[in-house]
Amino acid sequence: MAGGRAMSSYARGLRDGLPFLLMVLPFGMLFGVVATEAGLSLTETVSFSVVVIAGAAQFTALSLMNEHAPTAVVLASALAVNLRMAMYSASLTPHLGATPLWQRALISYFLVDQTYAGSMLEFEKRPNLSISEKAAYFFGLATPVCPPWYFATLLGAWLGAAIPTELGLDFAVPVAFLAMIAPMLRTPAHKVAAVTAACFALGFAWLPYNLGLIVGGVSGMMAGARAEIYFEARRKT
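A quick note: this is a predicted structure, and the numbers were derived from the prediction, not measured.

Thresholds, definitions, all that
Residues numbered from 1 in each chain as written. Predicted model: local features only at pLDDT ≥ 70, side-chain atom pairs only at ≥ 80, totals over all residues. Heavy atoms only, no water. Helix = DSSP H or I, 4+ residues; strand = E, 2+ residues; numbered from the N terminus. Expected span 1.5 Å × (residues − 1). Buried < 20%, exposed > 50% of the residue type's maximum accessible area, 1.4 Å probe, protein only. Contact = heavy atoms within 4.5 Å. Axes fitted to C-alpha atoms, helices over the stretch in contact; angles between N-to-C directions. Parallel < 35°, antiparallel > 145°, perpendicular 65-115°, else oblique. Nonpolar A, V, L, I, M, F, W, Y, C, P; charged D, E, K, R; others polar. Core = buried A, V, L, I, M, F, W, Y, C linked by side-chain atoms within 4.5 Å. Salt bridge = Lys/Arg side-chain N within 4 Å of Asp/Glu carboxyl O. Phe/Tyr/Trp six-rings, centres within 6.5 Å; stacked < 30°, edge-to-face > 60°. Lys NZ or Arg CZ within 6 Å of the ring centre and 35° of its normal. Polar contact = N/O pair within 3.5 Å; in protein donor to acceptor, adjacent residues only side chain to side chain.

Chemist: Give me helix H10 (residues 146–159): which residues, what numbers.
Modeler: The first and last C-alpha atoms of H10 sit 20 Å apart over 14 residues, in line with the 20 Å expected at 1.5 Å per residue. What H10 keeps buried is the set Cys146, Pro148, Trp149, Tyr150, Ala152, Thr153, Gly156 and Ala157. Buried positions along H10 lie against helix H2 (21–37), helix H3 (42–52), helix H4 (55–66), helix H7 (101–109) and helix H9 (131–142).

Here it is as structure tokens:
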């Protein structure tokens, strides 16, 4: 019975994750094209996606590498872009922290914006799901997101310059983030963090090597944390 419920949760996650293909495929192909045009080999390009599996961080690192930025700046910028993963992990721990070690390892690897956003919405909508059902749903979401990301990167690397950049595949980046972030800005603290991060990132966009992203990300997290404390105190009074 428990196995049947887990399979049902997996199937539901797989179904809910299919729309993400509309973003994953063009985004992955775009990275493959840009990476090969930047001089990376086919193996290096695909390995980049398999190892890092974080589109925004990959594009950030690739852009800085093209600008011959210092290695420390490339690593710091990519890590800053991916700092949200630490918050995602902390947020998912109450739901998936009791899963077996091997599952936690896979969950940490497949933890991307799409799997996090979809899982949190599902877990809040169905609070009575068991640990196994929650894990199955997460892996169901990851199935149409992560493997297609590898395939799309490979396809883009193969096609290379045959796909003109004017095709507009980069539309997927802002659209995907807006679609995922907007429904999650439910609390005042979330909104404070988002607005602060955007304002600081834009205000410091003049910094070299995209360091404005680091300033924006850190500022947003600090503002969100302080706002959470403030609003929590207000609720208790």
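Back to the text.
Chemist: Which residues make up the packing of helix H6 (residues 84–96) against H9, and what values go with them?
Modeler: Two elements in contact, H6 and H9, have axes whose closest approach is 9 Å; the angle formed by their N-to-C orientations is 135°. Overall, the two elements H6 and H9 adopt an arrangement that is oblique. Across the interface between the two elements, Leu92, His95 and Leu96 from H6 touch Ile131, Lys134, Ala135 and Phe138 from H9. Residues that form the contact of H6 with H9 fall into these classes: 5 nonpolar, 1 polar and 1 charged.

Chemist: Could you give me a rundown of the nonpolar core, with the residues and numbers involved?
Modeler: Judged by nonpolar contacts, the single largest core of 44 residues is most densely connected at Leu92, Phe110 and Phe138. At the level of elements, H2, H4, helix H5 (71–81), H6, helix H8 (113–125), H9 and H10 are the ones that each hand at least two residues to this core. In this structure Leu92 touches Gly97, Leu111, Tyr116, Ser119, Met120, Phe123 and Phe138, once residues within four positions along its chain are discounted.

Chemist: Help me get a handle on the pattern of salt bridges, residues and values and all.
Modeler: Enumeration according to the criterion identifies 6 salt bridges in this entry. Ionic pairing is found between Arg12 and Glu122, a salt bridge with its closest N-O pair at 2.8 Å. On the criterion of sequence distance, the pair formed by Arg12 in helix H1 (residues 2–17) and Glu122 in helix H8 is long-range, its members being 110 residues apart. Grouping residues by exposure puts Arg12 and Glu122 together as buried. Lys125 is the salt-bridge partner of Glu122, the closest N and O atoms lying 3.9 Å from each other. Taken together, the residues Glu122 and Lys125, both in helix H8 and 3 residues apart, mark about one turn of the helix.

Chemist: Could you give me a rundown of the packing of aromatic side chains, with the residues and numbers involved?
Modeler: Taken as a whole and assessed by the stated rule, the structure comprises 12 aromatic pairs. Aromatic pair Tyr88 and Tyr116: ring centres 4.1 Å apart, planes at 5°, arrangement stacked. Placement of the pair is Tyr88 in helix H6 and Tyr116 in helix H8, with a sequence separation of 28 residues. Side by side, Tyr88 and Tyr116 carry an identical accessibility label, which is buried. Through a chain of ring-to-ring contacts, the aromatic side chains of Phe27, Phe31, Phe48, Phe59 and Trp149 assemble into a single cluster. When the ring centre of Phe123 is taken as reference, the NZ or CZ atom of Lys134 above it lies at 5.5 Å.

Chemist: So what's going on with the side chain of Thr99? Which residues, and what values?
Modeler: Turning to its location among the elements, Thr99 is positioned in the loop between H6 and H7. According to the relative accessible area criterion, Thr99 is buried, its value standing at 2%. A polar contact is formed between the side chain of Thr99 and the backbone oxygen of Leu96, at a distance of 2.7 Å. Those residues within four positions of Thr99 in sequence are excluded, and the remaining contacts are Arg104, Ile107, Ile131 and Ala135.

Chemist: I'd like to hear about unusual backbone geometry, residue by residue, with values.
Modeler: In this model, Ile53 sits at a positive phi of 40°, which is unusual for a non-glycine residue. By the secondary structure assignment, Ile53 is in the loop between H3 and H4. With relative accessibility at 8%, the residue Ile53 sits in the buried group.

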